[in-house]
Amino acid sequence: MNSVPSAKAASKSAYAAAGVNIDNKMDALKAVKTMVGATKTANVVGGIGSFGGLCRLPQGSTKDTLLVSSSDGVGTKLKVAVMMKKHDTVGQDIVNHCVNDILVQGAKPLFFMDYVGTSKFDGPVFKQIVSGLCKACKENGMALLGGETAELPGLYPAGEYDLTGTIVGTVSRKQLITGQSIRAGDLVIGLPSTGLQTNGYSLARRVFFDICQMSPNDKLPGTNQTVGDALLAVHSSFLKPVTRLMDNKIKINGMAHITGGGFQDNIPRVLPASTVCEIDRTAWEVPTIFKFIERQGKVDHDEMYRVFNMGVGYVLIIPKASLPRLKTVFRNIRQRWYQIGVIRVRKPGMPQVVFSK
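A short tour of the structure in this document, coming up. (Residues numbered from 1 in each chain as written. Predicted model: local features only at pLDDT ≥ 70, side-chain atom pairs only at ≥ 80, totals over all residues. Heavy atoms only, no water.)

So, the sheet that holds strand β3 (residues 65-73)
Strand order across the open sheet formed by four strands is β3-β6-β4-β5, with mixed pairing between neighbours. Where the open sheet ends on each side, the last strands, each with one partner, are β3 and β5 (143-151). Within this sheet the neighbouring strands show an average axis-to-axis angle of 15°, counted without direction. Note that strand β4 (residues 108-118) and β5 share eight bridges and pair parallel. Residue pairing across strands places Phe111 opposite Ala143, the latter belonging to β5. (Pairing = 2+ DSSP bridges. Helix = DSSP H or I, 4+ residues; strand = E, 2+ residues; numbered from the N terminus. Axes fitted to C-alpha atoms, helices over the stretch in contact; angles between N-to-C directions.)

What follows is the structure, given as structure tokens:
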């Protein structure tokens, strides 16, 4: 007599036949458990694997301690990662991106949650992604508290995946930076990016791979980097240099993370309506990759500064009196920086970001 398969086995095989293999996913999650556990901080309560992660507020928190949160994704930079078969850097990208987003308000990270969605779960790829998440979490002093991994055949293209994340951090009300103290005469300081960060990849891929018919292994003209390596350069975290300024009680009136929307859309998010930010585009050397995209893609010069960071990944707006101490702090930690502009009184009808050159 033939044996009858158990309901569990039948269910498993039917689901696998439909494109979802639960066992593969659970095996991969077990494999990264130690790696994720290594990001645990003193504020984490319990281990990973529950339905929700637990984290207490940092010691010394008061009723004036604010939680600051943000969510974002890596975008079509993931398509370059798939082309290169290199998936660890995008994990760092999303963590550092989110760190910078809450840093703008003076917040320090507490924990991070990720989401990975794919058509078919790939254990080795997943392990690479998580290794990048863990590396960046440890570098930024926060825990990878949990996340979600979804296998959704029919929704995502075969061989590709999506990666997003959510961060939660804290800042005391008295240390909250809103931009409302920005005044005419303040100086605009730029911190250099490592490349495109996580924005503008749809245009960059069109230029490199469609217009120029290049491969990721071709050399980027004028550099010693391949196109793939240049495009996958890790999005920097600016937590350490900015924290050093704050620890030294250096006054910061406002900050902006230069992401999608570039200078024209991100800096106004922190400017009072009565002010305008005047940027001197000759104050720093624009990296080769941006020049190549502009020239080969025939992209309007002003549009480049709205799509890309153009080599400036983060902006601080400080009183002029803070400049000498900022110079000292950045010199001591070997942090590169540029004085890229000034805040002026805004005239009626003016945009809030203008370029002097």
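The structure having been displayed, the exposition proceeds.
Considerations on the environment of Thr76
Along the chain, Thr76 turns up in the loop between β3 and α3 (77-84). Classification of Thr76 as partly exposed rests on a relative accessible area of 27%. Considered as a pair, Thr76 and Ile129 are 53 residues apart in the sequence and their alpha carbons are 15 Å apart. (Buried < 20%, exposed > 50% of the residue type's maximum accessible area, 1.4 Å probe, protein only.)

Regarding the side chain of Thr259
For Thr259, the location among the structural elements is in the loop between β8 (254-257) and α9 (262-266). For Thr259, a relative accessible area of 8% puts it in the buried group. When sequence neighbours within four positions are dropped, the list of residues in contact with Thr259 reads His97, Asp101, Asn199 and Asn266. (Contact = heavy atoms within 4.5 Å.)

Notes on the pairing of strand β7 (residues 187-192)
Burial analysis of β7 places six of its six residues in the buried class, the great majority of the element. Burial along β7 is two-sided: Leu187, Ile189 and Leu191 and Val188, Gly190 and Pro192, pointing in opposite directions, are all buried. The pairing of β7 with strand β10 (residues 312-318) spans six bridges and is classified as antiparallel. Residue pairing for β10: Gly190 is matched across the bridge by Val315. Where β7 and strand β11 (residues 338-345) come together, four bridges link them in antiparallel fashion. Across the sheet, residue Gly190 finds its bridge partner in β11, namely Tyr338.

Things to note about the pattern of salt bridges
Scanning all chains against the criterion turns up ten salt bridges. Between Lys77 and Asp93 there is a salt bridge, with the nearest N and O atoms lying 3.0 Å from each other. Placement of Lys77 in helix α3 and of Asp93 in helix α4 (residues 88-103) is noted, with a sequence separation of 16 residues between them. Exposure remark for Asp93: the relative accessible area of 0% places this residue in the buried category. Here Asp247 and Lys108 are joined by a salt bridge, their closest N and O atoms 3.8 Å apart. Of this pair, Asp247 sits in helix α8 (residues 239-247) while Lys108 sits in strand β4, and the two are 139 residues apart along the sequence. (Salt bridge = Lys/Arg side-chain N within 4 Å of Asp/Glu carboxyl O.)

Section: the environment of Arg244
By the element assignment, Arg244 lies in helix α8. For Arg244, the residues in contact, after removing those within four places along its chain, are Val329 and Ile333.

Topic: unusual backbone geometry
Even without being a glycine, Lys85 presents a positive backbone phi close to 55°. Structurally, Lys85 is set in the loop between α3 and α4. With relative accessibility at 69%, the residue Lys85 sits in the exposed group. A positive phi angle is found at Arg334, which is not glycine, with a value near 60°. Tracing the backbone shows Arg334 in the loop between α12 (323-332) and β11.

So, the packing of α4 against helix α5 (residues 123-139)
Closest axis-to-axis distance for the α4/α5 pair is 6 Å, and the angle between their directions is 40°. By the criterion of interaxial angle, the relationship of α4 to α5 is oblique. The handedness of the crossing between α4 and α5 is right-handed. Between α4 and α5, the residues in contact are Asp88, Gly91, Gln92, Ile94, Val95 and Asn96 and Gln128, Ile129, Ser131, Gly132, Leu133, Lys135, Ala136 and Cys137, respectively. (Parallel < 35°, antiparallel > 145°, perpendicular 65-115°, else oblique. Left-handed = near helix turned anticlockwise from the far one by under 90°.)

Observations concerning the sheet that holds strand β12 (residues 353-355)
With mixed pairing, the six strands of this open sheet are ordered in space as β8-β10-β7-β11-β9-β12. Strands at the two margins of the open sheet, each flanked by one partner only, are β8 and β12. On average, each strand axis in the sheet is tilted by 25° relative to the strand beside it, whichever way the strands run. On top of the sheet, α4 reaches β8 and β10; it is set at about 155° to β8, its chief contact.

Some points on α5
Taking 1.5 Å per residue as the helical rise, α5 with its 17 residues ought to reach 24 Å, and the 24 Å between its terminal C-alpha atoms agrees with that figure. Within the span of α5, buried status applies to Val125, Phe126, Ile129, Val130, Gly132, Leu133, Cys134, Ala136 and Cys137. A positive phi of about 70° marks Gly141, the residue just after α5. (Expected span 1.5 Å × (residues − 1).)

A look at the packing of aromatic side chains
For the structure shown, the criterion picks out eleven aromatic pairs. Between the aromatic rings of Phe263 and Tyr305, the centroid separation amounts to 5.8 Å while the plane-to-plane angle is 50°, which identifies the pairing as tilted. With Phe263 in helix α9 and Tyr305 in helix α11 (residues 301-307), this pair connects stretches of sequence that are 42 residues apart. Residue Phe263 is classed as buried on the basis of its relative accessible area of 0%. Aromatic pair Trp284 and Tyr305: ring centres 6.4 Å apart, planes at 70°, arrangement edge-to-face. (Phe/Tyr/Trp six-rings, centres within 6.5 Å; stacked < 30°, edge-to-face > 60°.)

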